[in-house]
Amino acid sequence: MNFRFRSYYIYVAVVFIGLIYILRLLEIQVLDDKYSLIAEKISLRKQTIYPQRGLILDRNKKLMVYNEPVYDLMLSVPIKLQDIDTSEFCRLIEIERTEFDKRLEKAKKTAYHGKAIFTKNVSNIIFARLQERLYEYKGFFFEIRQDRNYKYNSSSHVLGYLGEITRNDLESQQESYYEQGDFMGKNGIEKFYEEYLRGEKGESYFYVDKFGVNKGIYKEGKLDVDPKDGNNLFLSLDIDLQQYGEGLLDNKMGSVVALDPKTGEILALISSPFFDPANFNIQNRSKHYADALMDPTKPMFNRAVSAPYPPGSTFKPIMALIGLQDGAIYPETHFGCPGYYRLGRRIIKCHGHTFNTSLERSIASSCNTYYCNTFKAMMQSDKYANTEAAYNSWRNYLESFGLGQELGVDVSGEFKGWLKDASFYDRMHGKGSWNYSRIISLSFGQGELGMTPIQMANVAAIIANRGHYYTPHVVHRIEGVNEIPEKYRVKHRTMISPTTFDPVIRGMLLVNESGTAAGVSIKGINIAGKTGTVQNPHGKNHAAYMAFAPAENPRIAIAVIVEEAGYGATWAAPIANLMIEHYLKPDSVEGSSRSYLETRLREANLIPEKFIRKSVTSLNAD
Amino acid sequence: MQTKSRIDIIATFLFLCIATLGISCVYSATSEFGVFSLFEGRSGKQMMFLGIAIFIGLVFFLLNSNFFELFSWPIYGAIMLLLVAVLFVGSDINGARSWIKIGSFSLQPSEFAKYGTAFAVSALLSTIGFSFSKKADIVKLLLVILLPMGLIILQGDTGSALVFASFILVFYREGLSPLLLVLGISIIAIFVITLIYGSLIFSVAMIVLLGVVFAFTYTNKKILLPSIIIAVLTILLSLSVQFLFDNVLQEHQKKRIQVTLNLIEDNQGAGYNVNQSKIAIGSGGWSGKGFLNGSHTKGNFIPEQTTDFIFCTIGEEGGWLLSSGTILLFVLLILRLYHMANRAKKKYKRVFIFSLASILFFHLTINVGMTIGIMPVIGIPLPFISYGGSSILSFTVFMFTALKMDASRDEDLTSEY
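Since the model is a prediction, treat every value here as computed from it, not as a measurement. (Residues numbered from 1 in each chain as written. Chains lettered and ligands numbered in written order. Predicted model: local features only at pLDDT ≥ 70, side-chain atom pairs only at ≥ 80, totals over all residues. Heavy atoms only, no water.)

Another point: the overall build of chain B. The helix and strand inventory of chain B stands at 16 helices and three strands. Rg of the C-alpha trace for chain B: 23 Å, near the compact-globule value of 22 Å for 417 residues, within the 12% margin. When its C-alpha atoms are laid out on the principal axes, chain B stretches across 75 × 55 × 45 Å. Every one of the 417 residues in chain B was classed for burial, and the buried ones make up 54%. Sequence-distant contacts in chain B: of pairs separated by 6 or more residues, those separated by 24 or more amount to 72%. Looking at chain B as shown, the accessible area adds up to about 18,200 Å², and 71% of this sits on carbon and sulfur atoms. Positive and negative side-chain charges in chain B, numbering 28 and 22 respectively, have mean positions lying 8 Å apart. (Helix = DSSP H or I, 4+ residues; strand = E, 2+ residues; numbered from the N terminus. Rg over C-alpha atoms; globule rule 2.2 N^0.38 Å. Buried < 20%, exposed > 50% of the residue type's maximum accessible area, 1.4 Å probe, protein only. Contact = heavy atoms within 4.5 Å. Areas by Shrake-Rupley, 256 points an atom, 1.4 Å probe, with all protein chains shown as cover. Lys, Arg positive; Asp, Glu negative; His and termini not counted. Charge placed at Lys NZ, Arg CZ, Asp CG, Glu CD.)

With that settled, consider the pattern of salt bridges. All names here are of chain B. By the definition in use, this model includes 39 salt bridges over all chains. Across the salt bridge formed by Glu 111 and Lys 114, the nearest N and O atoms sit 2.9 Å from each other. With Glu 111 and Lys 114 both in helix H4 (residues 109–125) and three residues apart, this pair spans about one turn of that helix. Classification of Lys 114 by relative accessible area gives buried; the value is 3%. (Salt bridge = Lys/Arg side-chain N within 4 Å of Asp/Glu carboxyl O.)

All names here are of chain A. Following both chains from N to C, one finds helix H10 (residues 239–248) and helix H20 (residues 568–584) inclined at 155°, their axes separated by 10 Å at the closest point. When the axis of H10 is compared with that of H20, the two are roughly antiparallel. Our pair here, H10 against H20, has a crossing hand that is right-handed. Between H10 and H20, the contacting residues are Asp 240, Leu 241, Tyr 244, Gly 245 and Leu 248 on the first element and Ile 575, Leu 578, Met 579, His 582 and Tyr 583 on the second. Residues of the contact of H10 with H20, tallied by class, amount to seven nonpolar, two polar and one charged. (Axes fitted to C-alpha atoms, helices over the stretch in contact; angles between N-to-C directions. Parallel < 35°, antiparallel > 145°, perpendicular 65-115°, else oblique. Left-handed = near helix turned anticlockwise from the far one by under 90°. Nonpolar A, V, L, I, M, F, W, Y, C, P; charged D, E, K, R; others polar.)

Residue and element names in this part refer to chain A. Taking 1.5 Å per residue, 13 residues should reach 18 Å; helix H19 (residues 501–513) reaches 18 Å between its end C-alpha atoms and fits that length. Counting buried residues in H19 gives 10 out of 13 residues, a clear majority hidden from the surface. The complete set of buried residues in H19 reads Phe 501, Pro 503, Val 504, Ile 505, Gly 507, Met 508, Leu 509, Leu 510, Val 511 and Asn 512. For H19, the secondary structure elements touched by its buried residues are helix H13 (316–326), helix H14 (359–364), helix H18 (453–464), strand E22 (528–534), strand E23 (542–549) and H20. (Expected span 1.5 Å × (residues − 1).)

Here we take up the packing of helix H14 (residues 310–343) of chain B against helix H15 (residues 347–371) of chain B. For any two helices packed against each other, one specifies the crossing angle of their axes together with the interaxial distance. Residue and element names in this part refer to chain B. For the pair H14 and H15, interaxial distance at closest approach is 9 Å and the crossing angle is 160°. Classified by the angle between their axes, H14 and H15 sit roughly antiparallel to one another. The handedness of the crossing between H14 and H15 comes out as left-handed. For the pair formed by H14 and H15, the contact residues are Phe 311, Ile 327, Phe 330, Leu 333, Ile 334, Leu 337, Tyr 338, Met 340, Ala 341 and Asn 342 on the first element and Arg 350, Ile 353, Phe 354, Leu 356, Ala 357, Ser 358, Leu 360, Phe 361, Leu 364, Asn 367, Val 368 and Thr 371 on the second. Grouping the amino acids of the contact of H14 with H15 by side-chain chemistry returns 17 nonpolar, four polar and one charged.

Our focus in this paragraph is the nonpolar core. Trp 394 and Met 579 of chain A are the most contacted members of the largest nonpolar core, which has 136 residues in total. Looking at this core element by element, the count peaks at 10 residues for H20 of chain A. In this structure, this core is formed jointly by two domains, domain 2 (45–235) and domain 3 (239–283 + 301–609) of chain A, each of which donates at least three residues. For Met 579 of chain A, the contacting residues outside a window of four places in its chain are Leu 241, Tyr 244, Gly 245, Leu 248, Val 256, Ala 268, Ile 270 and Ile 558 of chain A. Counting residues in hydrophobic clusters, the runner-up holds 114 residues, among them Ile 10 of chain A together with Tyr 76, Val 170 and Trp 320 of chain B. (Core = buried A, V, L, I, M, F, W, Y, C linked by side-chain atoms within 4.5 Å. Domains from an automatic or database assignment.)

Residue and element names in this part refer to chain B. What the three strands build is an open sheet, ordered E1-E2-E3; its pairing is antiparallel. Looking at which strands have only one partner, the edges of the open sheet turn out to be strand E1 (91–93) and strand E3 (105–107). Strand-to-strand twist in this sheet, taken as the mean axis angle between neighbours without regard to direction, amounts to 50°. Sitting on the sheet, helix H3 (residues 67–89) is in contact with E1, strand E2 (96–102) and E3, with an inclination near 95° to E2. (Pairing = 2+ DSSP bridges.)

Have a look at this one:
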């Protein structure tokens, strides 16, 4: 019998199997791209190459902030730790075996993009030790990122700090630039100019084997992107002036803001006490953060832009300007001052000075009576239908000075201050049933009025400029960018006409010549200033002072607040005047009086007892 | 009549294509970006063994065309002795005692057992008067097949033992009742259905089916009785399969079968190989990632990627074009060999060449099938491509023996069926 025909069935079977397999291959290789994606996930790794973050320098090109590498110990995912001498590894990175297991578990949970963080911010010593033996521990690798370090223990409130991106930031970002674990500016300049400072990350693609060991570059680096370093940033700060001021404010709670009135550039911005910026970089933050938060003197609080203080007598020049502009007084107006201002049965005290007070003298000797009268004249003026209308007009003048609103500075934590609506007094006293007598303390800067030091410095700049200002800012120049942001190049005009300023400035000059600050005046520099002693219901008075100089061609406008210190003339004015001199005449020979003044200020400890920190043990006892 | 030896050009060409592909694949799977050359390492060894095997094969052409027929039983006997020897002097690799160490070379007798058995089967079937209807002949045939199978199972290498099932095709070609094939396929079907749906559902289904048959044919007792017998037998088989699966099979064997049938997904355990293998092949796309550029191959993600899973490298680096091309080459080679078998004038040669073709067919089906996830993982090599001295040596020598037999077909005068 011939069974040859049976061969043909087998031929058919062979062709059939071949066809099935070829179709199956077509399905998994061509039609279904799932496998390609999985393969890339498994064997392709993207390494991010972090750019150098832009350096930060002061206006004189002195380096303030630079980069320092930090090393993250990473694990390749999927995690396959085989043949690893775990105890030796633990010894190398100085952890316990249980900690190793804990971190491994955590790494498994937090894996993303084929990698997981095993230990963040490994120290340089451990990095060096482990790096040369890393080949023994397949699957582990280092990722290098840039942390910040600082040339000066200074300016922390301006500089701000970096931090790891939060989940919120990650989800709300619009351009999907950041990845989990990236650093970004969290505060201060680092945050405001993040876009310029950060540069552009680069990428490099490579293959890994099943242990995560690099097996070569993907497609000869065709997909790789070189990182672009960040733009260097020049601040308007003068680091010498900044540090000089920080020294004067040592052991005091308070703030100094110095501006260049011609440009709005911030020359110095001090909030005391402050923290060492180096303690707040990525590597050290965790060690110091809680400590700084618990400090009752609030070193993290940026008083310069966040703390509203009643301006006290430093408000008088503003009140004078409004009175003049509004027609309530004239440059020649005199008011008699018996040493007090009588308001029905109430008496508002004044200081001892000559009875018949001119506008200029009222500023020089800080006469309360003069301003009570001015304020009353304005509030009761026939121009206005009622007190509310007059108040609103007064308020409009102040708003044109940038008060009661955020100026829009590039310093973190800005507060708008206190400037109440008329409705506030309606609620307090009943609509229509309040008049000037209820709010007369506003005329000399007390009551429901709060100005941040930067607002006060801006007022000094406005007077120096005779009626206009530029929004204060710390950015001086961004390397590679032609101009600073537009909002810092816009001239803001106040409602006061330039000629109105002359008598007020003459009065402010008198403050240093023969007025309240005469004792701390600086020879050879015409400083126009105004002292203030701010009533503080919680303790001693705050010392306040604002000034600009030289009066004939102002180059610096300054405001100083020293909390719970006493008289403005004693504590705030000398700090400001010394700083003005330091800035205008950095090479001047130091006179004996001046060095005495400096020493007195530097050594004074004005932090009230209640703010001295309790020891840790007594805290625990609580 | 022409008496000159003429080697079959088509089969030789196909073989050389496949063998060359094999060397490139082994090179690609082991090279670390040019750390060593083609002539070192595994690809170098592969070339050496291929060279030796081709040399031996060419020597065959100097032999008398009846040499193999005369020495069939001694060759079979010698290889069976090796299979016995390996049980005593063999060394264990991967849980199987299949290798005899000779210096630096490990010989795997089970690879040569197919070759030897093909001789014995050819000799037995071409004995004058052999018939599948004679019980004595069947017993002899079973002994010839089951002896090497049993010895290989004793070594712990079930995969290699299964290859002997491919002789069923040879027997079928030579006159074995197709009932056996149908029976074999039915058993596999019952096995698969039982594992997927369980023996209980299978039994219920069979009883319902029996009821249906009964309802239509209750007058015809001639159909009823065999139906009942078949139903009972299949139910018993299903129950025993369940029992076998639950109690006899080892855990890893169960898992391999379950993974193949998609009953469980275990990409980190038993299914790891297949999953990685599918990823590697699947990521090849139309034309692959290019020679030496397979990221999965380079990353050593697939265990046994130079041996049992060599097809991954083809699929990943050559894409669909090369992988289906490879299958096409094999299909053409197998068909050509069947054709050569059928044109042989002597039954002995026909059976022998037919055996080679069927063994290649079986290897191709199982090996490629497992890498693309439609066959369970059974560790047998892809002929001429997988790395392994014994495999390359035995298959190439097998191939040349077949080529020699075919080349001298004109010397044979008789034509038997």
